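Given next are the chains, with one letter for each unit.
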Amino acid sequence: MEQLSTSALFPGAFPTPGDGIPALLLFVWDVVRAPLIAPLLRVIMVICSALSIMQFVERIYMGVVIVAVKLLRRTPEKRYKWEPIKDDSELGNSAYPMVLIQIPMFNEKEVYQMSIRAACGLSWPSDRMIIQVLDDSTIPAIKNMVELECKKWASKGIDIKYEVRDNRTGYKAGALKEGMKRSYAKDCDYVVIFDADFQPESDFLHRSIPYLIHNPQLALIQARWIFVNSDECMMTRLQEMSLDYHFTVEQEVGSSTHAFFGFNGTAGIWRIAAIDEAGGWKDRTTVEDMDLAVRASLKGWKFLYLGDLQVKNELPSTFKAFRFQQHRWSCGPANLFRKMVMEIAKNKRVTLWKKVYVIYSFFFVRKIIAHINNFLFFCIALPATVVVPEVEIPTWGGVYIPTATTIINAIGTPKSFHLTIFWIMFENVMSLHRAKATIIGLLEGSRANEWVVTEKLGDILKGKTASKATKKPIFRIGDRIHITELGVGAYLFFCGCYNMLYGENYFFVFLLVQAISFFIVGFGYIGTIVPS
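Along every chain, residues carry numbers that run from 1 in the direction the sequence is written. Given that the model is predicted, a residue must reach a pLDDT of at least 70 before its local features are reported, and side-chain atom pairs must reach 80 or more before they are shown or counted; all residues, however, enter totals for whole chains, interfaces and linings. To get the side-chain values, all heavy atoms of the structure are used, and hydrogens and water are removed first.

Under the annotation held in an unreviewed UniProt entry, the chain carries the name glucomannan 4-beta-mannosyltransferase and is attributed to Cucumis sativus. UniProt positions are given in the numbering used here, feature names are shortened, and annotations may be inferred rather than shown by experiment. Check the Catalytic activity (unreviewed entry) section of the UniProt entry for the chain; it says "GDP-mannose + (glucomannan)n = GDP + (glucomannan)n+1."

See the structure below:
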């Protein structure tokens, strides 16, 4: 790479007061680059390369496990006993265990009806099922609508309870914990949790509960999410690619190898005895679901993931909602890792191999390294090597490993494989927020316990009024302009232009395309624009 120096730009002399500030800055840069900046950048590149190798090895490991599971046909039915619940003329409906279905809500105007309708439509004896709507709504009109919906189904013979609290202490975890204190909840053996936008099929309980009945060591059955609005916009398509890999690979690997994975917070069935033994719901982080799963696992309980048991739900289609969701999903696990790493390491009820898996693979590689390294490596360190020619980019670290890792991830959603390039660019943009949230969680910063409920739109964009309104959305600078993304985009654009003018490779293609991605997001041209 040809080096740009002060003498090249200003031949004949070092900068003088007459040369101005640009020449002075270039002179200072030439002085500090080789002795100070280059060694620091080399260290960062070595660290990032090592972290990339760890991520790559983790992906290969999970890929091998998935292939082995498929080839050996290690289906849930082969690993655990499963028999359908048979009707007994003598026992009657008592042959079916009592099931509590919890639906936590918070101002869910657009989706409350369909979630309650789906829960009430489950094919299970009505006298062996209690539906509990936990409404933390702060808008009186919405609370009234939810209560009326519950009364409507109660009049049809459904045992449905409408529960409210005086405050939102603990957010979702607090609501679930409060719901379990009700006297009728103590008569139940299992609890099913559905967030407000989840719509289970009618046979959901018949396909899942038998695993818990016949396998007393199982504490949790987790179903897979499928998305009703994945084709709504480019952002939902890209989200689907990431989440499909999570459910197709990560959850399946954890279930098959260690009978452990992170509870996804919804579309799951818990054995109430396991919740009680683990200490119940805790609100010390924003991932109360993962917190409970880790604590239950340390007590010796096992989990089972059912990939063919699918529950429809909605992806956030506005960038604002998605950004808040990703902050919670990135900050929470990092904060939980900080709080529990020593507890996991000292635990004596689980095997050493399982503790290594939870600490290293589940938390450190997937929840910490993956977020921080993606941003530091691809958005900071690699672009910096363009203006610091003393530091070389290893081809295997800058090209081969990232490409292989990306292909492995993209295989999870074959129908969107042609969007892989867009997925890479968008994931790199989001790595900015995930890295920041991860660091906040590790350091337990001021936003570590920030909880913003993910906005659900339901059918709001399908109505005629909304369709007309979206043509001329109200432009608010605070909602559409994102300074941080624009700043990183400007940095990448500068590095790309520098490489195009003075570099000896074509690295500027990646840099400029990535800069454009940051600009698109920075100016708010991603996701659905919802009328105010």
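A. Structural detail: the packing of aromatic side chains. Only rings of Phe, Tyr and Trp enter the pairing, Trp through its six-membered ring, and a pair is recorded when the two centres are within 6.5 Å. The plane angle decides the type: under 30 degrees is stacked, over 60 is edge-to-face, the rest tilted. Evaluation of the coordinates by the stated rule reveals 24 aromatic pairs. Centroid distance Phe247 to Tyr305: 6.4 Å. Interplanar angle 25 degrees. Geometry classified as stacked. In this pair, Phe247 is assigned in helix H8 (residues 234-257) and Tyr305 in strand S7 (residues 302-313), connecting sequence segments 58 residues apart. Taken together, a centroid distance of 6.5 Å and an interplanar angle of 40 degrees make the contact between Tyr360 and Phe364 tilted. Of this pair, Tyr360 and Phe364 both sit in helix H12 (residues 352-387), four residues apart, roughly one helical turn. In this scheme, a residue with accessible area under 20% of its type's maximum is buried, one over 50% is exposed, and one in between is partly exposed, where area comes from a 1.4 Å probe on protein chains only. Look at Tyr360 and you get partly exposed, because its relative accessible area is 33%. Cation placement over rings: the criterion is NZ of Lys or CZ of Arg within 6 Å of the ring centroid and within 35° of the ring normal. Above the face of the Tyr184 ring, Lys161 is positioned so that its terminal group lies 5.3 Å from the ring centre. The aromatic ring of Phe362 is capped on one face by Lys367, whose charged end is 5.1 Å from the ring centroid. In this text, helices come from DSSP runs of H or I with a minimum length of four residues, and strands from runs of E with a minimum of two, each type numbered from the N-terminal end.

B. Representation of the packing of helix H13 (residues 395-410) against helix H14 (residues 420-443) within the structure. Geometry is summarised by axes, namely lines fitted to C-alpha atoms with helices restricted to the contacting stretch, and by angles between N-to-C directions that run from 0 to 180 degrees. Where H13 meets H14, the closest approach of the two axes is 11 Å, and the angle between their N-to-C directions is 110 degrees. Considered as vectors, H13 and H14 are oriented roughly perpendicular to each other. Crossing of H13 over H14 shows right-handed handedness. Here Thr406, Asn409 and Ala410 of H13 come into contact with H14, specifically with Thr420, Trp423 and Ile424. The labels follow the angle: roughly parallel below 35 degrees, roughly antiparallel above 145, roughly perpendicular from 65 to 115, and oblique for the rest. Helix crossings are classified by the rotation of the near helix relative to the far one: an anticlockwise turn of less than a right angle makes the crossing left-handed, while a clockwise turn makes it right-handed. A contact between two residues is defined here by any heavy atoms of the two lying within 4.5 Å.

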